[in-house]
Amino acid sequence: MSAIVLKPGAVPLADWRRVYRGTDIRLDPASAAPVAASAAAVERILARGEPVYGINTGFGKLASVRIEACDLATLQRNIVLSHSAGTGAPSPVPIVRLMLALKLASLAQGFSGVRPETVALLEAMLARGLTPVIPAQGSVGASGDLAPLAHMAATMIGVGEIMIEGRRMPAGEALAQAGLAPLTLGPKEGLALLNGTQYSTANALAGLFETERLHQSALVTGALSTEAAKGSDTPFDPRIHQLRRHAGQIETAAALRTLMAGSAIRASHAVGDPRVQDPYCLRCQPQVMGAALDILRQAATTLTEEANGVSDNPLIFSDTDEALSGGNFHAEPVAFAADIIALAICEIGSIAERRIAMLVDPALSGLPAFLTPKPGLNSGFMIPQVTAAALVSENKQRAYPASVDSIPTSANQEDHVSMAAHGSRRLLEMAENLGAVVGIELLAAAQGCEFHAPLLSSEPLEAARARLRLDVPALADDRHMHPDMEAANLIIRSGALIEAAGIVLPGVAI
């Protein structure tokens, strides 16, 4: 796959998704001129001798302290070292890599006052696979993701640790091995590197991308559950959804119709079935999954704008040689987006778990109890449903909005913060839970369809079931369930189920 050319300020969501998935990147050469102009503006501002926050003053509550010219390099180094105060486990490599790319795209817009060689080092680290080791905890999402970004900046001056080729090593050694030299930071550069929302945004984007894939997978498993229960496709009639007008609902209903088109199992529902209406977990899939899709798209819009913005402080305007202090580092938009994604994760999992519970209940599904041919002697899917219920409840507890919290920091100078960092960071763990739930539904729905043989489902759903059966045979008698669940989870999380179904499913962006 060809490398992505990052055009600072104009990177589409699809390219950020590719960065997260591991595609190489390079910076648009057109960014060189604004970067150089911004750095030159900093020199002219310094030459005027006026106090300018972050350039020749202290930081935060110490902004009134004037720094002499001979100490400016030490000032920038000190802020990086003192702010490298994160804790917890290292952030996942894909998250850190995405964070570096976001910071690169922000700095390269030419409003941060950094020199071309600083941008070049960041680009080179990405190109050569150098990933800073960044503790996951320590940011409150304003003023910027200070601790995580300080750990990133520290590696650029040869301090801290870097992952390279799967090995963790001192930053200075890793840079040397890659043929790179550590930076001596110039005026404003330390602050520019560690001020911004890139850590929160990277985590939120990762959560969005994982949830998008899980949403699509849950459309497939939801359709397969409808087949297993011999549910009706009448609730997916387009006329119903056009009257509601929500785009996500309309698209979800269309996807479910496509997934089920041509199914002999579905056709059998119309012959002698006494049921008038299916349970909500089947009938209301377009309404629930469509609403989740709509709010994921809202979050995608916010995060795309954030990813293409400039969020450090102060900002340098080279046309007027001004350094303007503001608050773009406040990550409230990211916090709101992360909370929205968390809600979607909860509801996708909640309705999927209800379908699992419906399938194992013979009174609701018309299938053998717990989807086993010999109930009583075998427990079948009794406990996988319990596991799904446990994971859904865990996600509900994690979904409390992070954005409604705040705690004053920096001697009350930074008296309202966004909590975007942990609001975003929880999303991957919530997505892992959701992946397991959707994997259990895949197992249960495929097992349910086995009882309708020789009737077959639609071509897309039979292809999806066949993909599962490559790794997991149908359940005849009880066996060790964990390997089956892990295999199904992998099929879900990797996107293999979506690929097997072979149709275009609605996503957050084209």
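Anyway, here's the lowdown on the structure attached to this text. (Residues numbered from 1 in each chain as written. Predicted model: local features only at pLDDT ≥ 70, side-chain atom pairs only at ≥ 80, totals over all residues. Heavy atoms only, no water.)

**Notes on the packing of helix α14 (residues 285-307) against helix α15 (residues 332-360)**
Selection criterion: Every axis corresponds to a line fitted to the C-alpha atoms, with the helix fit spanning only the stretch in contact, and the corresponding angles, defined between N-to-C directions, vary from 0 to 180 degrees. By the criteria applied, helices consist of DSSP H or I runs no shorter than four residues and strands consist of E runs no shorter than two, each listed in order from the N terminus. Small angles under 35 degrees read as roughly parallel and large ones over 145 as roughly antiparallel, with 65 to 115 read as roughly perpendicular and the rest as oblique. What makes a crossing left-handed is the near helix being turned counterclockwise from the far one by less than a right angle; a clockwise turn instead makes it right-handed. The criterion used for residue contact is that any of the two residues' heavy atoms lie within 4.5 Å.
Where α14 contacts α15, the axes come no closer than 9 Å and their chain directions differ by 160 degrees. The angle between the axes of α14 and α15 places the two elements in the roughly antiparallel class. Pair α14 / α15 crosses with left-handed handedness. For the pair α14 and α15, contact is made by Q285, V288, M289, A292, I295, L296, A299, T302, L303 and E306 and by P333, V334, A337, I340, I341, L343, A344, E347, I348, I351 and R355, respectively.

**Section: the nonpolar core**
One recurring pattern in soluble globular proteins is that nonpolar side chains are buried together. The following threshold applies: The criterion is simple. A nonpolar core is a set of buried Ala, Val, Leu, Ile, Met, Phe, Trp, Tyr and Cys residues joined through side-chain atoms within 4.5 Å. Relative accessibility thresholds used throughout: buried, under 20% of the residue-type maximum; exposed, over 50%; partly exposed, between the two (1.4 Å probe, protein chains only).
With 155 residues, the main nonpolar core has W16, L205 and L208 as its most contacted residues. Those residues in contact with L208, other than ones at most four positions away along the chain, are L13, L296, A300, L303, I341 and V508. Listed in part, the six residues of the second largest apolar core include V140, A142, F329 and V417.

**Notes on the layout of surface pockets**
For clarity, the threshold we go by: Put plainly, a pocket is an open set of points on a 1 Å grid over the protein atoms alone with protein on both sides within 12 Å along at least five of seven lines, a cavity is a set where a 1.4 Å probe fits but cannot get out, and a lining residue has an atom within 4 Å of a point. Grid points are joined across faces, edges and corners, and a volume is the space filled by probe spheres set on the points. Asp, Glu, Lys and Arg are counted as charged, while Ala, Val, Leu, Ile, Met, Phe, Trp, Tyr, Cys and Pro are counted as nonpolar; the rest, among them Gly, fall into the polar class.
Quantified by volume, the second largest pocket comes out at close to 380 Å³. Forming the boundary of the second largest pocket are 18 residues, of which R17, E212, Q216, G507 and A509 lie nearest the centre. Those elements giving two or more residues to the lining of the second largest pocket turn out to be α1 (13-21), α9 (198-228) and α21 (496-501). In the lining of the second largest pocket, the residues fall into eight nonpolar, four polar and six charged.

**What about the sheet that holds strand β4 (residues 131-132)?**
Which entries qualify depends on this criterion: Being paired, for any two strands, means DSSP has found at least two bridges between them.
Across the sheet, which stays open at both edges, the three strands sit in the order β4-β6-β7 with antiparallel pairing between neighbours. At either margin of the open sheet sits one strand with a lone partner, and together these are β4 and β7 (167-170). Bridging between β4 and strand β6 (residues 161-164) involves two bridges; their strand directions are antiparallel. Note on β6: the bridge partner recorded for T131 is M163.

**A look at the pattern of salt bridges**
Once the charged atoms of two side chains with opposite charge are near each other, the side chains can pair. The test is simple: A pairing counts as a salt bridge when a side-chain nitrogen of Lys or Arg comes within 4 Å of a carboxyl oxygen of Asp or Glu.
In total, this model carries 26 salt bridges according to the counting rule given. Residues R398 and E394 are paired through a salt bridge, measuring 3.3 Å at the closest nitrogen-oxygen approach. Of this pair, R398 and E394 are both found in helix α17 (residues 382-398), four residues apart, which corresponds to roughly one turn of the helix. You can call R398 partly exposed: its relative accessible area is 29%. One network of salt bridges, in which partners are shared, links E450, E462, R465 and R469.

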